[in-house]
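# Observations on the model geometry
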Amino acid sequence: MTKYIIHGGKPLFGEVEISGAKNAAVAIIPAALMVNGVCRIENIPQISDVTMSLKILEQLGARIRSVNRHTVEIDSRHIYSTKTSYELARKIRASYYLIGALLGRFGDAEVALPGGCNFGGARPIDQHIKGFTALGARVTVEGGFIHASAEGRKLKGANIYLDVVSVGATMNIMMAAAMAQGNTVIENAAKEPHIVDLANFLNSMGANIRGAGTDTIKIQGVDHLTGGTYAIIPDQIEAGTYMAAVAATGGQVLVKNIIPKHMDCITAKLQECGVEVDEHEDTLLVRRCGPLHKANIKTLPYPGFPTDMQPQMTTVLALAEGTSLVTEGVWSSRYRYVDELKRMGARIQVDDKTAVVEGVDHLTGAPIQASDLRAGAALVIAALAAHGESEISQVQYIERGYEDIVNKLRSLGADIRAVDVPDEDLDLTAHIS
Ligand code: EPU
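None of these values were measured; they are calculated from a predicted model. Position labels on residues start from 1 in each chain and follow its written sequence. With the structure being a predicted model, the display of local features is reserved for residues of pLDDT at least 70 and the display and counting of side-chain atom pairs for 80 or more, all residues being used for whole-chain, interface and lining totals. Only hydrogens and water are set aside; all other atoms, that is, all heavy atoms of the structure, feed into the side-chain values.

## Points about the packing of helix 4 (residues 97–106) against helix 6 (residues 167–177)
To keep it simple, the criterion reads: To get an axis, a line is fitted to the C-alpha atoms, and for a helix only the part in contact is used. The angle between two axes follows their N-to-C directions and goes from 0 to 180 degrees. We count a stretch as a helix when DSSP gives it H or I for four or more residues in a row; a strand needs E for two or more, and each element gets its number in order from the N terminus. Under this scheme an angle from 65 to 115 degrees is roughly perpendicular, one under 35 degrees roughly parallel, and one over 145 degrees roughly antiparallel; angles in between are oblique. Should the near helix be turned counterclockwise from the far one by less than a right angle, the crossing is left-handed, whereas a clockwise turn marks it as right-handed. Any two residues having at least one pair of non-hydrogen atoms within 4.5 Å are treated as being in contact. Under the convention adopted here, Pro, Cys and the residues Ala, Val, Leu, Ile, Met, Phe, Trp and Tyr are nonpolar, Asp, Glu, Lys and Arg are charged, and Gly plus all remaining residues are polar.
Remark: helix 4 packs on helix 6, axes separated minimally by 7 Å, with the N-to-C direction vectors making an angle of 15 degrees. The orientation of helix 4 with respect to helix 6, classified from their angle, is roughly parallel. The element helix 4 and its partner helix 6 pack so that their crossing is right-handed. Contacts from Y97, I99, G100, A101, L103 and G104 in helix 4 reach V167, G168, M171, N172, M175 and A176 in helix 6. In terms of residue class, the contact of helix 4 with helix 6 is built from eight nonpolar, four polar and no charged.

So, in structure tokens, the structure goes:
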């Protein structure tokens, strides 16, 4: 097992290159199963969720070739199974995208239900199931597996109104409907950048999907998808995490390989906190010299403030002058990291979905434990800003979504190192992203 040792209190300076978006990659990789040919996917982040997704595809019969560190070729011409192994699929939450992909191409999918949740709240998939059923699939849940089957018929396009704005359900239904007979309309669809990215990927392979990025997505079913080359968008949340790190530590960093539009709400909130952000074509220059100001945040579906930045921003606000209010508007609960921040001296009270954050002058290093991916990122930021040494355990959660985080931070002048320690009893299934 690996831990991060961080000596905090050093401002960050330099340049950081943002990797491909995790939440796009974990959908686009399963979507490659739908293609009767070879997909070359570029700008793939080197993170363990991607490694796991590729392993699952291989186990179904896909042939994977690494072209270079960030490019893979996936050949899905010889898929021989539509049932994933429990051991592999349960390890990543995003394994549910295999249902839409396999059902969409083969009319059948049997996928282990994703593992438990570490936010402390429920993560239902009823909207995914509602969508598959509307397309004519029979969906059953038995023995830890979800089985979706078109029962030998072709799926049929349908009008589907999502009861909640769900990223996962929107993407899963898009995949299932891409080769269905006729037209599908998804209303109240999620609009996150990775939804547009998946639609662009599928369209570049021959699908006919319009309106991704708005709340109405129209899909005209096509007979088949063919191979091609596609580059994944940069990771909005990874970029936001480095911006938040600069906000917390002070310093000046050029965040490279981003799409500024995707960063708008994060940029605006950091500016409200007194952080200077200059936008260029595909970079952002982030600088914090003076004190941080309080701000209120409510997380919402895109283009609102992303829930996946909530822990990192709460950490920034823990160091701001005055009292800030943070409200979680997407998940029923996502504050497990707060107890760890409090152990470092933060003053935060959580009441249901709201955290009251009373800024303190400084945090103090401590042994702390990541409970999920973004919680882990928040603790790294806290430790970078804190006085003294912190030791972060359970960093395997962080490495599921942040490529090479230790070296990226070291190149910015952070005093962080990864050390191997004897294994403890880990529960990887609790990962939530
Ligand atoms: N919901 C339902 N029923 C459903 C699906 C969702 O009630 O069938 C509810 C959820 O309980 C939640 C809300 O709808 O309250 C939004 O959930 P959504 O389906 O949008 O989340 P997700 O697709 O499971 C993805 C990201 C999460 C991110 C959310 C929200 C991936 C692999 N995961 O999850 O990312 O928080 O969208 O933006 O794309 C992360 O990267 O750290 C992470 C957790």
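## Some thoughts on the confidence of the model for the chain
Where we set the bar: Scored from 0 to 100, pLDDT records how confident the predictor is in each individual residue.
Predicted confidence across the chain gives a mean pLDDT of 94, with 96% of residues reaching 70 or more. Considering only residues more than four positions removed or in separate chains, one finds that residues 427–433, a stretch of pLDDT under 50, has 32 contacts.

## A look at the pattern of salt bridges
As a reminder, the rule being used: Here a salt bridge means any side-chain nitrogen of Lys or Arg lying within 4 Å of a carboxyl oxygen belonging to Asp or Glu. Throughout, exposure labels follow a simple rule: accessible area from a 1.4 Å probe, protein chains only, divided by the maximum for the residue type, with under 20% read as buried, over 50% as exposed, and the rest as partly exposed.
Taken as a whole, this structure holds 20 salt bridges when the rule is applied. Residue K3 pairs with E391 through a salt bridge whose shortest N-O separation is 3.0 Å. Taken together, the residues span a long stretch of sequence, with K3 in strand 1 (residues 2–7) and E391 in strand 22 (residues 389–393) at a distance of 388 residues. Under the relative-accessibility criterion, E391 is labelled partly exposed at 29%. Salt bridges linked by common partners bring R40, E42, R65 and E73 together as one network.

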